[in-house]
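Fold and geometry: a report
If you want the building blocks of each chain, they are given just below.
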Amino acid sequence: MSRKFSADQFHLSTELGKGSFGVVYLADDLITHKQVAIKQLDLEQTDDLLEVQKEILMLSTCIHDNITRYYGCFIKGHKLWIIMEFLSLGSCADLLTAGPFSESIISYICGNVLNALDYLHDSGKIHRDIKAANILIGSNGEIKLADFGVATQLSNILSKRLTFAGTPYWMAPEVIKHEEYSFKADIWSLGITAIELAYGRPPLTEFKSYEVIFEIPKGPSPSLDSGFSEEFRDFVNCCLKMDISDRYTAKQLLLHPFIKIGKKIKKIDILNLLDKKLKWDLEIGKKAKPKYVPTELRSENSNKNKSKSSSNKGDLLNNSNDIHSTIKWDLTLDQNDDGGDTLKNITESVKQLNMNPKMNIVPQSPLNYDEKLKDPIQEQKELDMKKEMIVILNQTFSKVSSKYNLTTSQYDQLVDFENQLIDSFFMNKDDRYRDIFSKFYKIFIKRVMRTENEDLKKLVLPKYYLSEEAELKQFRELTGKKADNKQILREEWTPEPSNRHKNY
Ligand SMILES: Nc1ncnc2c1ncn2[C@@H]1O[C@H](COP(=O)(O)OP(=O)(O)OP(=O)(O)O)[C@@H](O)[C@H]1O
């Protein structure tokens, strides 16, 4: 029997994550005293909502150990609230940010997802959106599929007003070609997900999402490189057969030798993924997720409190808490279950990191990228880049030291700073980690440019940025137009951009 819900019975707290269509929050159910996850979707068109509600009602009858429970849904204001089981370790995609998974963990995850798919396919249902972001992990290491059906219904509705609905990297060729497709489309997506878990991203990410829809049907099927075991490579090949009739079923894949490898996985192995993720978040200085702010409070919060990327305009207050509050929150959640020992380990490692912020923890992916880099041309390229960076740093150093007459301690500190810069780009040769550092610099500079604390701005930003920011401000005031980047400014403001540039 389905329960009736109302918004008043839920106390929403931290944001758990964002998807294409909405935001997911952790909430306390004040009636059952249990924690649930609530997905809030901004829906402007209410005419299709009945369909979505029916779909979720159907989902709530879907009960399986490897499928996230959907308890029900209701509409509040212009939002649809979907109430579901809370899985405290989040999604595989969340944990994957700290590095690819080992083969045995991938086998364990695939085995569990296959159990869910076998159940769904036997009952005539297709998931349609298998990917790491839709595989959730509970505090006991349990693996559960989420977003089943809901995503499809909603994307149908939302695509009427959005140009972009979903991401095609996991889509089977027959789905892209709009051919008739069956439950075998889920098997293709599982194969792509297995590759995603092994490399940290699905195949073909070098293409934009609108380009990839032409690439997938062309073939050949993606595959794993020879660094992986024979069993794993064969498993992926069985999932990724272009010809649907050759593609294995969930039942057949459950008997595949690769799936046996995951049977020895223990809860601690899964919890270690969380440990690694927490360390990684700490390493990159990830901030706590924003707290939920009820709609009624929105008007009291000025525009500057808006989360820019959120589709729920004005919903979120930027949280001033630092990373430690996230970690504390994560740990308290799990303290109620029987994972005591592992949690102690996590607490200890986090404590150590807090006491010694200089402790050098660089998250290592299970794949050794140094090992993988055997190509001599690539190695030479690496060496050349490093040499060039050192040359540039030395030139910078000598310019700074001659201009500013450094003390011994300033000199030492600059040397440390230089070494850290080199390490951040060359210690780990995986592009994703390097990319994080360059993204970090970019966002940091942008944020400082926007601060109203002029002293801080002057302290951190070079003169070039300060002058440019002043010009942007003047441009906005005079034209009433928003100009957020150099390009717009140059196109609309300066007649001869190249000359202006020479002034700096
Ligand atoms: N039941 C849940 N328990 C815990 N965390 C959840 C739960 N559901 C979702 N999340 C978190 O919220 C994030 C966003 O979920 P959501 O389903 O909205 O989007 P998605 O599946 O990641 O992407 P998309 O909607 O584009 O398919 C997830 O990646 C996960 O971190």
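Predicted, not measured: the structure shown is a model, and the values here were computed from it. (Residues numbered from 1 in each chain as written. Predicted model: local features only at pLDDT ≥ 70, side-chain atom pairs only at ≥ 80, totals over all residues. Heavy atoms only, no water.)

Within the chain, the secondary structure is distributed over 21 helices and 10 strands. In the chain, buried positions account for 43% of the 504 residues. Summarising the internal contacts of the chain: among those between residues at least 6 apart in sequence, 65% fall at separations of at least 24. Of the roughly 28,000 Å² that the chain leaves accessible, carbon and sulfur atoms contribute 54%. (Helix = DSSP H or I, 4+ residues; strand = E, 2+ residues; numbered from the N terminus. Buried < 20%, exposed > 50% of the residue type's maximum accessible area, 1.4 Å probe, protein only. Contact = heavy atoms within 4.5 Å. Areas by Shrake-Rupley, 256 points an atom, 1.4 Å probe, with all protein chains shown as cover.)

Right, let's get into the environment of D269. Examined against the element boundaries, D269 turns out to sit in helix α11 (residues 267–283). Separated by 128 residues in the primary sequence, D269 and G141 place their C-alpha atoms 8.3 Å from one another. Excluding residues that lie within four positions of it along the chain, D269 makes contacts with I105 and K264. Among the polar contacts listed, one links the side chain of D269 to the backbone nitrogen of K266, at a separation of 2.8 Å. (Polar contact = N/O pair within 3.5 Å; in protein donor to acceptor, adjacent residues only side chain to side chain.)

As a further point, take the site of the ligand. Every one of the 20 residues lining the ligand counts as a neighbour, but S20, K39, E85, D94 and N134 are closest to it. Contact distances for the ligand include 2.8 Å between an oxygen atom and a side-chain N or O atom of K39. One of the backbone nitrogen or oxygen atoms of L87 is found 3.0 Å away from a nitrogen atom of the ligand. Here the ligand, which alone exposes 600 Å², has 92% of that area covered by the protein. (Near = heavy atom within 4 Å.)

Together, K442, K446, R447 and R450 line one region of the surface with positive charge. By secondary structure assignment, the location of K446 is in helix α17 (residues 431–450). (Patch = residues over 30% accessible without salt bridge, like charges linked within 9 Å, V, L, I, M, F, W, Y side chains within 5 Å. Salt bridge = Lys/Arg side-chain N within 4 Å of Asp/Glu carboxyl O. Lys, Arg positive; Asp, Glu negative; His and termini not counted. Charge placed at Lys NZ, Arg CZ, Asp CG, Glu CD.)

Residues F440, Y441, F444, L456, L459 and V460 make up a contiguous nonpolar surface patch of about 560 Å² in total accessible area. Of all the secondary structure elements, the ones that give two or more residues to the nonpolar patch are α17 and α18 (454–460). Take L459: it is sitting in helix α18.

Let us now look at the UniProt feature "binding site: ATP" (unreviewed entry) in the chain. Taken from the UniProt record, the annotation "binding site: ATP" (unreviewed entry) applies to K39. For K39, the position within the fold is in strand β3 (residues 34–42). Residue contacts for K39: discarding those within four places in its chain leaves V23, V24, L80, W81, I82, M84 and D147. (UniProt positions renumbered as here; feature names shortened; annotations may be inferred.)

In total, this model carries 10 aromatic pairs according to the counting rule given. Taking 5.8 Å as the distance between ring centres and 35 degrees as the angle between the ring planes, the aromatic pair formed by F5 and F10 counts as tilted. Considered together, F5 and F10 belong to a single accessibility category, that of buried residues. Arranged with centres 4.5 Å apart and planes meeting at 10 degrees, the rings of F232 and F258 form a pair that is stacked. Note that F232 is positioned in helix α8 (residues 230–239) and F258 in helix α10 (residues 257–261), a separation of 26 residues in sequence. By relative accessible area, which is 0% here, F258 ends up buried. (Phe/Tyr/Trp six-rings, centres within 6.5 Å; stacked < 30°, edge-to-face > 60°.)

Put simply, the chain has an average pLDDT of 73, and 67% of its residues get 70 or more. Scored below 50 in pLDDT, residues 295–373 shows 135 contacts in the model against residues more than four places distant or in partner chains. Here residues 488–504 is modelled with pLDDT under 50, and outside its nearest four sequence neighbours on either side it reaches 26 contacts, counting other chains as well. Reported confidences for the modelled complex are a pTM of 0.60 and an ipTM of 0.97. (pLDDT = per-residue confidence, 0-100.)

F101, I106, I109, F232 and F235 are the most contacted members of the largest nonpolar core, which has 57 residues in total. Counting residues in hydrophobic clusters, the runner-up holds 16 residues, among them V24, L26, L59 and L87. (Core = buried A, V, L, I, M, F, W, Y, C linked by side-chain atoms within 4.5 Å.)

A word on α17. With 20 residues, α17 extends 29 Å between its outermost C-alpha atoms, agreeing within 8% with the 28 Å of an ideal straight helix rising 1.5 Å per residue. Turning to α17, its buried residues number three or more, namely R432, Y433, R434, V448 and M449. (Expected span 1.5 Å × (residues − 1).)

Attention shifts here to the packing of helix α3 (residues 103–122) against helix α6 (residues 184–199). It is at 11 Å that the axes of α3 and α6 come closest, and there the two elements cross at 165 degrees. Relative to α6, α3 is oriented roughly antiparallel. Remark: the crossing between α3 and α6 carries right-handed chirality. Residue-level inspection shows I106, I109, C110, V113, L114, L117 and H121 of α3 in contact with α6, the latter providing D186, I187, L190, A194, L197 and A198. Partitioning the contact of α3 with α6 into residue classes produces 11 nonpolar, 1 polar and 1 charged. (Axes fitted to C-alpha atoms, helices over the stretch in contact; angles between N-to-C directions. Parallel < 35°, antiparallel > 145°, perpendicular 65-115°, else oblique. Left-handed = near helix turned anticlockwise from the far one by under 90°. Nonpolar A, V, L, I, M, F, W, Y, C, P; charged D, E, K, R; others polar.)

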